[in-house]
Amino acid sequence: TLVFTDMDGTLLDHNTYSYEPARPALEALAQQQIPVIPTTSKTYAEMLVLRKTIGLNGPFIVENGAAVFIPHNFFDQKPAGTVWQDGFWCKSFISSKQHWLQLLEQIKAEFDQQFTHFSAMSLKQIQHATGLNEDDARRAARRQYGEPVLWQGEASAKQAFIEAISARGGYPLEGGRFIHISGDCDKGQALQWLCNEYQRQHNVRTQSVALGDGNNDIAMLEAADIAIRIHSPNHEPPELQKQQQVYTSTQHGPAGWNETLTTLLSLPI
Ligand code: 2M8
Ligand code: MG
Ligand code: MG
């Protein structure tokens, strides 16, 4: 089994970013040697620090599925299509964020004053929008593949903005606070790629479990064998097309993470 998990609002509390309530399930998974694979909107720079803090030492997926980073000792052979980067095998699915920054420049006039985005924000503004401390905000700003947009206009105009981005070849994904603009990637494709590689190298059929709270988790939840929707204090759980093997937590964020995985681990899977 491989466990793929969103970070913000799922393993981490939406407001405090604490994972404390999830500790018991994290320990149980570690004991059973089940890899927990962060699958997040966060950047490589953020995950480098956060995975250590949480005590996760396996692969991780950044920027909404833009790239998978695999520690050198996770597989015996070099994973297909990867490049060696900074001590990890890196599989990227899209190119750099430059193109999306240009696109945002182009549609600024059309959506005058209705949005801002990370590259246009100061560190203080990013801190204010996210509640991250200065160091964490700096790491969140080190984006390689996409650009988070902060919608500041009428809620009713947000859909038109999302459609304008899609019409121009972008793939907007909504996180808890931002609309992430990047290329054709999602957490589901990245999950699928890593599961395939795992199966190829180990010659076994692996089962995937995915946990998420937001719309940017839908592709991942639908791609996984078992989907766990984590309740959020500020929005409804994501709507899924599939009905089989879908669980929904009653508790919020990391408490819901602990609740559902503890239940799942007690079942014969
Ligand atoms: C952004 O990601 C969250 C994920 O749901 C969002 O869109 O609200 C990213 O900028 C990420 O890098 C950052 O850590 C996070 C902080 O809330 O916000
Ligand atoms: Mg989330
Ligand atoms: Mg996320």
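Residues numbered from 1 in each chain as written. Chains lettered and ligands numbered in written order. Predicted model: local features only at pLDDT ≥ 70, side-chain atom pairs only at ≥ 80, totals over all residues. Heavy atoms only, no water.

Some details on the sheet that holds strand S1 (residues 2-5)
Turning to step 1, where the next piece is worked out: Spatially, 5 strands are ordered S2-S1-S11-S12-S13 in an open sheet, and the strand pairing comes out parallel. The two strands at the open ends of the sheet, each matched to only one other strand, are strand S2 (36-38) and strand S13 (246-252). Going from strand to strand, the sheet's axes swing by 20° on average, the running direction of each strand aside.
Turning to step 2, where the next piece is worked out: Here strand S12 (residues 226-231) pairs with S13 via 4 bridges, running parallel. From the neighbouring strand, Ile228 faces S13, where its bridge partner is Tyr247.
Turning to step 3, where the next piece is worked out: The sheet contacts of helix H9 (residues 253-266) involve S1, S2, strand S11 (208-212), S12 and S13, and relative to S13 the element is tilted by about 135°. (Pairing = 2+ DSSP bridges. Helix = DSSP H or I, 4+ residues; strand = E, 2+ residues; numbered from the N terminus. Axes fitted to C-alpha atoms, helices over the stretch in contact; angles between N-to-C directions. Contact = heavy atoms within 4.5 Å.)

Section: the environment of Gly55
Turning to step 1, where the next piece is worked out: Position of Gly55 relative to the elements: it lies in the loop between helix H2 (44-54) and strand S3 (60-62).
Turning to step 2, where the next piece is worked out: Separated by 165 residues in sequence, Gly55 and Met220 place their C-alpha atoms 23 Å apart.

Some thoughts on helix H3 (residues 98-107)
Turning to step 1, where the next piece is worked out: Here H3 has its buried residues at Trp100, Leu101, Leu103, Leu104 and Ile107. Take H3 and look down its axis: the buried residues cluster within an arc of 160°, on one side only. (Buried < 20%, exposed > 50% of the residue type's maximum accessible area, 1.4 Å probe, protein only. Arc of directions from axis to C-beta.)

Quick word on the layout of surface pockets
Turning to step 1, where the next piece is worked out: A volume near 550 Å³ is recorded for the largest pocket.
Turning to step 2, where the next piece is worked out: As for the largest pocket, its lining consists of 32 residues, and the residues nearest its centre are Gly175, Gly176, Arg177, Phe178 and His180.
Turning to step 3, where the next piece is worked out: Going through the elements one at a time, strand S8 (147-151) and strand S10 (179-181) are the ones with two or more residues in the lining of the largest pocket.
Turning to step 4, where the next piece is worked out: By residue class, the composition of the lining of the largest pocket is 10 nonpolar, 12 polar and 10 charged.
Turning to step 5, where the next piece is worked out: Residue contributions to the lining of the largest pocket reach at least three from each of two domains, namely domain 1 (2-93 + 185-266) and domain 2 (98-181).
Turning to step 6, where the next piece is worked out: Estimated volume of the second largest pocket: approximately 460 Å³. (1 Å grid on protein atoms, 1.4 Å probe; cavity = no way out; pocket = protein on both sides within 12 Å on 5 of 7 lines; lining within 4 Å. Points joined across faces, edges and corners; volume = space filled by probe spheres on them. Nonpolar A, V, L, I, M, F, W, Y, C, P; charged D, E, K, R; others polar. Domains from an automatic or database assignment.)

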